[in-house]
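A look at the structure
Spelled out, the chains give:
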Amino acid sequence: MKILSAIALIAREGSIRKAAEYLTISPSALNRQLLSLEEELGTQLFERSASGVRLSTAGEIYHRHFLDQIAGFRRARETVAAMEGLRIGRVRLLVSADLAAGFAPAEVARFREAHPGVAVAVTRVAHDGFAALLAAGEADLALVVQPIFQDGAETLAAAEAPLVGVVPAPDDPAPLRAEDFLDHDLILPPEGTGLRQLIDLFFKQRRLDVRPLLEVEDPTPPARGARPTLQVRLKADVSPDWAERAGAALRPLAGAPRARIALARAEGRNLPVAASRLAAQLATRLPALE
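Residues numbered from 1 in each chain as written. Predicted model: local features only at pLDDT ≥ 70, side-chain atom pairs only at ≥ 80, totals over all residues. Heavy atoms only, no water.

A word on the overall build of the chain. Secondary structure summary: the chain contains nine helices and twelve strands in total. With respect to the principal axes defined by its C-alpha atoms, the chain has extents near 70 × 50 × 30 Å. With the model as given, the accessible surface of the chain reaches about 14700 Å², and the carbon-plus-sulfur share is 51%. In the chain, which carries 35 positive and 36 negative side-chain charges, the distance between the mean positions of the two groups comes to 2 Å. (Helix = DSSP H or I, 4+ residues; strand = E, 2+ residues; numbered from the N terminus. Areas by Shrake-Rupley, 256 points an atom, 1.4 Å probe, with all protein chains shown as cover. Lys, Arg positive; Asp, Glu negative; His and termini not counted. Charge placed at Lys NZ, Arg CZ, Asp CG, Glu CD.)

What follows is the structure, encoded as structure tokens:
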């Protein structure tokens, strides 16, 4: 199973070296394993060039078969886990950076408390890149903010979550108005993320020409001063415990749109038992974000 998974990783990265770095082994060791498998199969799986590697025609066929074998083994293991009361298993969850500091880790912790034998691997993903990873069998579930759906993914549950302004506490609890943004140094999510695109649209509609002081993926403690900081986040990604420790207050944004959050899986693919349990939990919890 390790070499089959390595083949899938080499195909995805287009590089033996990059795949080896991910697997924390030397490129020469991984190349020896690949050459051994090619010799056993009697065919070359990859075409090699100075810029990297790509699947050969035969490699494409074997690659699809390997993915089916990996998925079949995972389903078998999950079936055994179900028979044993879900004492073992692994869930691969893709998460937008905009949910990776608050909602997602809290839900993973809740799930692992109920199923301590199940490992959950969380990987941050772009709002337009999750579908390909699901379709390729490289993840079980995706929890994405402002998702851009492509072929290969389907929605299991969705919610619309509010945005908030994170400012130094204590502060006026009234909603922030457009002119309030001009009195603060702004901290925003990085450009290109789904949440940032929504925020930029919000500013554009109000004809606000704003330039952030800082762009960060995770919430950062607010700062006081002549111009205090104001960061715009999903409310779901700012836990009350974090706000208290950071000395932060949360203020609603007047007239702000809500961000769409979707829970997705590969289209037409049955989830393993452990992933199905986590999906059911997330689907139940998402409406609380609205």
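Back to the write-up after that little detour.
On to the layout of surface pockets. Counted as a void, the largest pocket has a volume near 1200 Å³. Taken together, 41 residues form the lining of the largest pocket, with Ser-5, Arg-74, Arg-90, Arg-92 and Gly-137 sitting closest to its centre. At the level of secondary structure, the elements contributing two or more residues to the lining of the largest pocket comprise α1 (2-13), α2 (16-23), α4 (57-83), β3 (90-95), β4 (119-124), α6 (130-135) and β12 (259-266). With nine residues, α4 is the single largest residue contributor to the lining of the largest pocket. Of the residues belonging to the lining of the largest pocket, the class tally is 22 nonpolar, five polar and 14 charged. What the second largest pocket holds in volume is close to 220 Å³. Phe-103, Ala-106, Glu-107, Ala-236 and Arg-285 are the residues nearest the centre of the second largest pocket, which is lined by 13 residues in total. (1 Å grid on protein atoms, 1.4 Å probe; cavity = no way out; pocket = protein on both sides within 12 Å on 5 of 7 lines; lining within 4 Å. Points joined across faces, edges and corners; volume = space filled by probe spheres on them. Nonpolar A, V, L, I, M, F, W, Y, C, P; charged D, E, K, R; others polar.)

The subject of this paragraph is the pattern of salt bridges. In the structure shown here, the tally under the stated rule is 19 salt bridges. Ionic pairing is found between Glu-179 and Arg-177, a salt bridge with its closest N-O pair at 3.5 Å. Taking the relative accessible area as the measure of exposure, Glu-179 reaches 42% and is therefore partly exposed. Taking the relative accessible area as the measure of exposure, Arg-177 reaches 47% and is therefore partly exposed. (Salt bridge = Lys/Arg side-chain N within 4 Å of Asp/Glu carboxyl O. Buried < 20%, exposed > 50% of the residue type's maximum accessible area, 1.4 Å probe, protein only.)

Next up on the list: the pairing of strand β2 (residues 52-55). Here strand β1 (residues 46-49) runs beside β2; their pairing, made up of four bridges, is antiparallel. Residue pairing in the sheet places Phe-46 in a bridge with Leu-55 of β2. Hairpin connection, β1 to β2: the antiparallel pair is bridged by two residues. (Pairing = 2+ DSSP bridges.)

This part is about the environment of Arg-285. With respect to the element layout, Arg-285 can be found in helix α9 (residues 273-285). By relative accessible area, Arg-285 is classed as partly exposed at 31%. Distance in space between the C-alpha atoms of Arg-285 and Glu-107 is 8.5 Å, their sequence separation being 178 residues.

Summary statistics for the chain give a mean pLDDT of 88 and a share of 96% for residues scoring 70 or more. Taking the mean pLDDT of every element in the chain, the minimum, 78, falls on α4 and the maximum, 96, on strand β5 (residues 141-145). (pLDDT = per-residue confidence, 0-100.)

Moving on to a nonpolar patch on the surface. The grouping of Tyr-22, Leu-23 and Ile-25 at the surface amounts to a nonpolar patch, some 280 Å² of accessible area in total. When you line up the elements, Tyr-22 lands in helix α2. (Patch = residues over 30% accessible without salt bridge, like charges linked within 9 Å, V, L, I, M, F, W, Y side chains within 5 Å.)

All right, on to the side chain of Arg-251 then. Examined against the element boundaries, Arg-251 turns out to sit in strand β11 (residues 248-252). The class for Arg-251 is buried, based on a relative accessible area of 8%. Only 2.8 Å separates the side chain of Arg-251 from the backbone oxygen of Ala-174, close enough to count as a polar contact. Not counting residues up to four positions away in its chain, the partners in contact with Arg-251 are Val-164, Gly-165, Val-167, Asp-171, Asp-172, Pro-173, Ala-174, Pro-175, Leu-176 and Asp-180. (Polar contact = N/O pair within 3.5 Å; in protein donor to acceptor, adjacent residues only side chain to side chain. Contact = heavy atoms within 4.5 Å.)

As a further point, take the sheet that holds β12. Whether parallel or antiparallel, the strands of a sheet pair through hydrogen bonds between backbone atoms. With mixed pairing, the five strands of this open sheet are ordered in space as β4-β3-β5-β12-β6. Both edges of this open sheet fall to β4 and β6 (153-161), since each of them pairs with a single strand only. Averaged over all adjacent pairs, the angle separating strand axes in this sheet is 20°, with direction ignored. Note: β6 against β12, eight bridges, orientation antiparallel. Residue Ala-158 lies in a different strand from β12, and its bridge partner there is Ala-262. Strands β3, β4, β5, β6 and β12 of the sheet are contacted by α9, whose axis makes an angle of about 45° with β3. (Axes fitted to C-alpha atoms, helices over the stretch in contact; angles between N-to-C directions.)

A few words now on the sheet that holds strand β7 (residues 163-168). Spatial ordering of the open sheet is given by β9-β8-β10-β7-β11, a layout of five strands whose pairing is mixed. In this open sheet, the two edge strands, each paired with only one partner strand, are β9 (214-215) and β11. Alignment of strand β8 (residues 185-188) against strand β10 (residues 229-234), held across three bridges, turns out to be parallel. Bridge pairing links Ile-187 to Gln-231 in β10. Sitting on the sheet, helix α7 (residues 194-205) touches β7, β8, β9 and β10, and the angle it makes with β8 is about 145°.

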